[in-house]
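# Per-entry structural report
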Amino acid sequence: MSRFGGKPPMGRDRVRLSTTEKQAAVAASKDQKPEFDNDKLLNLLRSAKSELQGMRLIHMHLSLLRDKDPSSQMIVRTIIQELASKASYLQSFNISNGDVIILYKGLKLTGVTDVCQKVEQIFLAKTTLTGANPYKEFSLYSIMELALNFINVIRFIEELQANETGDHSNETKPPITLEEMAKLERSMQMFDLSPFLFNQAIANIGRNAEEDMAYFELYISIKLLQERLCPDYDITANKWLFNYFTANLDQSVLRALNHGLSFMRGRRIGININLSTVISTGFVKFDERLPLDFRGQVVLEISKGDLIENLSLFNEVVEFAQDRRYQIAVDGLNPFWVTNFDLEYLNADYAKIFWSNDMLEMDPTFEKYFMERIQEQDRCKFILARCDSVSSLVYAHKVGITMVQGRAVDNILRKGVSVREAIAHAKVA
C-alpha cells in the first residue's frame, strides 16, 4: 500500500484516463446522480456476516481529496469494473461522504493493488490528500480482509451517518434503569447476536514461536449492541447492572457458539467471560457440545476486576479449566498490576496488558523491575493489547512481551505482512 503523505511519489508519471473511460464516466454522471448506499452496505454487513468469510474490501477515500471532483465516484466505479469480470463476487457502494467501498471475492491481491494504484495516480496527479484516512494511513485507498476489519467498517459508516443526521451519540446518556435492563434482557433472548460477534488476532512476535497467531479473541461489540437495542441509555454507567448485563451476554454468546464454530475452524479462540458464567449450566452445555478439535484450544479471558472481587471463585474456575483443558487469560492489566500479581501462583496461562502511551515515559527503575517480572514468569505468557501504533509494537518487543493485539496488528495483517517483519523493519527505520 502506498504511503506518501498526500503527495505523488517522485518520478511517477502522470496517469490519465483513456478517452473511452472518461466518456463512460461522464455519460454515467449525466444519466444519473449517484445514490448513496450507506444503508444498503450496513444491512448487507449486518445480515450476512457469516457469509462474508474470505471477502476483501477496497475503501477509496475520495472525501480526503483537497479538490473535490463531482464525478469522482463514477470515475472510480468505471475503472473498478475491469476487475468485475475476473471476480467471483464484486459490488460497489457509493458512500455519502464521497467515498467508494467495494466488496469482492476471488481476485489476486496484486491485480487489485494495480487497479487501486491506477485510481490513486489519476486523482493525485491533480490534487493532494487533506490528511490520513480513517485507518490512520496516508493513502487514497485501503485494501483489507473484511473478517478482520468488520467492526471498523461498520463503525465508520454509522459514525458518518450520525454526524450527517445530527445524532450526537457521544453526548452523555442517562444510566440504564432496571426496567430498561429487563426489556434489554428479553430482547437479547430473541436477538441474533452473530452480526455483533467479532474476532481479533493475538499475534506471536517471539523468535521461538511456532505459529504466527497465538489465538483469536471472540467478542461482542457492546457499543454496537447498545446502539441497536438500547440507544437511549448508557449500559456501562451502573456497575452492578453492567455486570448483570455482561453475565446475560455471556449466556447469549455461549448459545450462539453452540450453534457452530465452523467459522473459526482450525484456529485457537479466546472468549471474554465472567467467572460466574463458567460455573453456570449454560457453560456446562457449551462444554458438552464443544467439538473435539476445539478441546484444548479455548482460552477463557477473565477480567482483572472479576478476579480481585472473586478470588476464591477464580481458584475454582482454574481447577475446572485444568480438568477440561481450557486455558486462562487475566485481562485488563497494567504495569503496576504485573509487578504486584504473582501470575504463576494464580495459574494463569496468559496475562493481557493494556497499552498506554504513558508506558513510553515510565520511570527507568520501575521499567527495569517491570521487565524483570515479565522475564520471571516461565509459564504465563504476556500479551500487549490495544496496540494502536507501531511504537506500541516496538515497545512490546523491547520489554520482552511475545504477543500483541490491537488495531496496529490488524492493519499489518490485512496487508499480508508478518507482524514480526513489520516490527523488525520499524526498529531499523
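On a predicted model such as this, the values are computed, not experimentally measured, just so you know.

Over its 16 residues, helix 4 (residues 109-124) runs 22 Å from end to end, which matches the ideal 22 Å to within 8%, given 1.5 Å per residue. Along helix 4, the positions that sit buried rather than exposed are Val-112, Thr-113, Val-115, Cys-116, Val-119, Glu-120, Gln-121, Ile-122, Phe-123 and Leu-124. Tucked inside the fold, the buried residues of helix 4 contact strand 1 (56-60), helix 3 (72-84), strand 3 (100-105) and strand 4 (141-145).

A few words on the sheet that holds strand 4. Strand order in the open sheet formed by four strands is 2-3-1-4, and the pairing between neighbours is antiparallel. Of all strands in the sheet, those bounded by a partner on one side alone are strand 2 (89-94) and strand 4. Strand-to-strand twist across the sheet, computed as the mean angle between neighbouring axes with direction ignored, equals 15 degrees. Where strand 1 lies against strand 3, five bridges are found, and the strand directions are antiparallel. What sits directly across from His-59, in strand 3, is Ile-101. On the sheet, helix 3 packs against strand 1, strand 2 and strand 3 and is oriented at approximately 180 degrees with respect to strand 2. Sheet strands touched by helix 4: strand 1, strand 3 and strand 4. Its angle to strand 4, the strand with the most contacts, is close to 160 degrees.

Moving on, we get to the pattern of salt bridges. Counted according to the given criterion, the structure contains 13 salt bridges. With its nearest N and O atoms 3.7 Å apart, the salt bridge here joins Asp-37 to Arg-77. With Asp-37 in the loop between helix 1 (19-31) and helix 2 (38-47) and Arg-77 in helix 3, the pair connects residues that are 40 residues apart, well separated along the chain. Note on Asp-37: relative accessible area 10%, which makes it buried. Residue Arg-77 is classed as partly exposed on the basis of its relative accessible area of 25%. Where Arg-295 meets Asp-287, a salt bridge forms, and the shortest distance between an N and an O atom there is 2.7 Å. Like Arg-295, the residue Asp-287 is buried in the burial classification. One salt-bridge network, in which partners are shared between bridges, spans Glu-217, Glu-301 and Lys-352.

Here we take up the sheet that holds strand 8 (residues 298-303). The strand order around the closed barrel built from eight strands is 5-6-7-8-9-10-11-12, with neighbouring strands paired in mixed fashion. The sheet contact formed by strand 7 (residues 269-272) and strand 8 spans four bridges and is parallel. In the strand pairing of strand 8, Asn-272 is matched with Glu-301.

In this model, the protein carries a mean pLDDT of 82, and residues with pLDDT of at least 70 account for 86%. Note that pLDDT drops below 50 for residues 1-15; the model gives that stretch 29 contacts with residues more than four away or on any other chain. The low-confidence segment residues 26-34, where pLDDT is below 50, has seven contacts with residues more than four positions distant or belonging to other chains.

Conventions adopted
Residues numbered from 1 in each chain as written. Predicted model: local features only at pLDDT ≥ 70, side-chain atom pairs only at ≥ 80, totals over all residues. Heavy atoms only, no water. Helix = DSSP H or I, 4+ residues; strand = E, 2+ residues; numbered from the N terminus. Expected span 1.5 Å × (residues − 1). Buried < 20%, exposed > 50% of the residue type's maximum accessible area, 1.4 Å probe, protein only. Contact = heavy atoms within 4.5 Å. Pairing = 2+ DSSP bridges. Axes fitted to C-alpha atoms, helices over the stretch in contact; angles between N-to-C directions. Salt bridge = Lys/Arg side-chain N within 4 Å of Asp/Glu carboxyl O. pLDDT = per-residue confidence, 0-100.

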